[in-house]
Amino acid sequence: MLVLLLVLQRFGRRQWGEITELTTVAHSVLLHPIDENGDLGAGEVGVNFYPTDKVYSGWSILGRATTVMGASTEGGGGGPPAREGHVKSSKKTGDDDVGTTVDGNPKEVGTGGDGGDRARNVYRKACDDIIKAHNLILKISWPETSRNPEWRIVAHAQRLGAADEFIRGHVPEAKYGRDFGRYSTQRIRSFLELRHDERAGTRTLRLIVMNRLRPIHDLEGEQLWDAFWQCFMCTLFPAVQ
Amino acid sequence: MYNPSPAGKPEGVLNDYDLASWREHPTTNSDRTGTIPFMSLHMLGGGLEDRIPRLYRHDAESFIWVLAYITVVNVEYKDCSVKISRPRIIDPWFTGDYESHITSKHVFPGEYGRRIPITDPHKRYTNAIRSLVDYWVQLDYASYDLGSDEPVKPETDDPKDALKKFVKGVEATFRADAKREFANVRTLLLRAIGAPEVV
């Protein structure tokens, strides 16, 4: 027991599992710019992130969970940062909605008339304000290293979009990214002899910054119908080429 | 997701590519990817372990379940947050009980716009969306090869053919209003797959 206590005493913050790059007081992290080929450049850009402006937070064990939050670059945020915590991000059940509370209980269906319209307008104004201030999102995830980085897939989609009307404007923009290899799960997997293949099953901490989009369920009627089929076509076109 | 354009017309954006892969360079990861609530009936029928190969038509079907879902949930706006409530009948989509999930989707078209109310802004598309989901349900029923001893042939992935059949299939069941709402989509779909003539 004494030996165990002495061992634990020697643990630093990182050994306890803290990701020190993301727990800075300034809430800023250095990432690499992503070029049009989906490669990371050598330079570094400071990206501010806002933990209380949570866009998505799935429940999972460390090493698997994905978290998405508002972000901005110096001078690129489109204005002063909004008050943190401006957009509530509580979540009860389900894993399908972003920045929302999902409730399985049935409610009266309808938009609620004038009261509903007013509430919707207040919500939209709040979203507009925070998106102006935090015009980017930072996605923190633990993908398997055997997978292609998301920035490379997005860059490929962007290239396809340059020549095709069904894709152009309907894929996101990946701006900055970085893998933090020191948090890779490879070491523990090797120690436990889980697999001999070095890459299989190994996950790494990956940060990617993209332009901020809005959830499609905010749209109504014809706007939803049009936006939906644009997404449908976008996924269809590469498949039929 | 969508991007509000300066012209005021929102642009749909296909997002979240971190589980995407190239067919020529598959990942060594063996997990079934996809969002379970919107997974196609064919894939659900195989269970997560059964490894039914993912086909283009599975993704097309998933899209339609997403569209249907958005039109039946109630979105309540309060200050700066939204609260989404779904009808109880689709609760099984969000559980690990695949049999109940499949049954819920099988009965969905019949209940859509009836016991499952459509939220106000989407009501004009009720008949169109009911036909869109019903197409996939009927396709799933047809895949149950009742009473045949013949082994089921593995399905080839032919996105163009799947889309042509989809357009033809849904149009066969469309009412006049649904046909009208779908007209522009039909033109675009057929142009995208290089079949601008009547299917």
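**Things to note about the pairing of strand β3 (residues 67-73) of chain A**
Residue and element names in this part refer to chain A.
Here comes step 1: Most of β3 sits inside the fold, with five of its seven residues counted as buried.
Here comes step 2: Where strand β2 (residues 45-57) meets β3, seven bridges bridge the pair, whose relative direction is antiparallel. Across the sheet, Val 47 pairs through a bridge with Thr 73, a residue of β3.

**Digging into the sheet that holds strand β1 (residues 28-33) of chain A**
Residues and elements named next belong to chain A.
Here comes step 1: With antiparallel pairing, the six strands of this closed barrel are ordered in space as β1-β2-β3-β5-β7-β6. The sheet shows a mean angle of 40 degrees between the axes of neighbouring strands, direction not considered.
Here comes step 2: Relative to strand β6 (residues 174-180), β1 runs antiparallel, the two being bridged by two bridges. Bridged to His 32 within β6 is Gly 177.
Here comes step 3: The sheet contacts of helix α3 (residues 150-162) involve β6 and β7 (205-211), and relative to β6 the element is tilted by about 155 degrees.

**Some points on the confidence of the model for chain B**
Here comes step 1: This prediction gives chain B a mean pLDDT of 85; 85% of its residues lie at or above 70.
Here comes step 2: Scored as a whole, the predicted complex attains pTM 0.82, and scored at its interfaces, ipTM 0.91.

**Some words on the confidence of the model for chain A**
Here comes step 1: Looking at chain A, the pLDDT average stands at 78 and 71% of residues meet or exceed 70.
Here comes step 2: This stretch, residues 77-99 of chain A, has a pLDDT under 50; its non-local contacts, to residues over four places away or in other chains, come to 60 contacts.

**Concerning helix α2 (residues 56-72) of chain B**
Here comes step 1: Look at α2 of chain B: 25 Å from first C-alpha to last across 17 residues, which is about the 24 Å you get at 1.5 Å a residue.
Here comes step 2: Every buried residue of α2 of chain B is accounted for by Arg 57, His 58, Ala 60, Glu 61, Ile 64, Trp 65, Leu 67, Ala 68, Ile 70, Thr 71 and Val 72 of chain B.

**Quick notes on the packing of helix α3 (residues 98-111) of chain B against helix α4 (residues 126-143) of chain B**
Residues and elements named next belong to chain B.
Here comes step 1: Two numbers describe how α3 lies on α4: the axes approach to 9 Å, and their chain directions differ by 145 degrees. By crossing handedness, the relation of α3 to α4 is classed as left-handed. Listed contacts from α4 to Lys 105, His 106, Phe 108 and Pro 109 of α3 are Arg 130, Val 133, Asp 134 and Val 137.
Here comes step 2: Classifying every residue of the contact of α3 with α4 gives four nonpolar, one polar and three charged.

**Digging into the packing of helix α5 (residues 159-173) of chain B against helix α6 (residues 176-192) of chain B**
Residues and elements named next belong to chain B.
Here comes step 1: Packing of α5 against α6 brings their axes to within 11 Å, and their N-to-C directions diverge by 165 degrees. In terms of axis orientation, α5 runs roughly antiparallel to α6. Between α5 and α6 lies a crossing whose hand is left-handed. Contacts between α5 and α6 involve Leu 163, Val 167 and Glu 171 on the former and, on the latter, Lys 179, Arg 186, Leu 189 and Leu 190.

Reading the values: rules and limits
- Residues numbered from 1 in each chain as written.
- Chains lettered and ligands numbered in written order.
- Predicted model: local features only at pLDDT ≥ 70, side-chain atom pairs only at ≥ 80, totals over all residues.
- Buried ≥ 20, exposed ≤ 12 C-beta atoms within 10 Å, placed from the backbone.
- Helix = DSSP H or I, 4+ residues; strand = E, 2+ residues; numbered from the N terminus.
- Pairing = 2+ DSSP bridges.
- Axes fitted to C-alpha atoms, helices over the stretch in contact; angles between N-to-C directions.
- Contact = placed C-beta atoms within 7 Å.
- pLDDT = per-residue confidence, 0-100.
- Expected span 1.5 Å × (residues − 1).
- Left-handed = near helix turned anticlockwise from the far one by under 90°.
- Nonpolar A, V, L, I, M, F, W, Y, C, P; charged D, E, K, R; others polar.
- Parallel < 35°, antiparallel > 145°, perpendicular 65-115°, else oblique.

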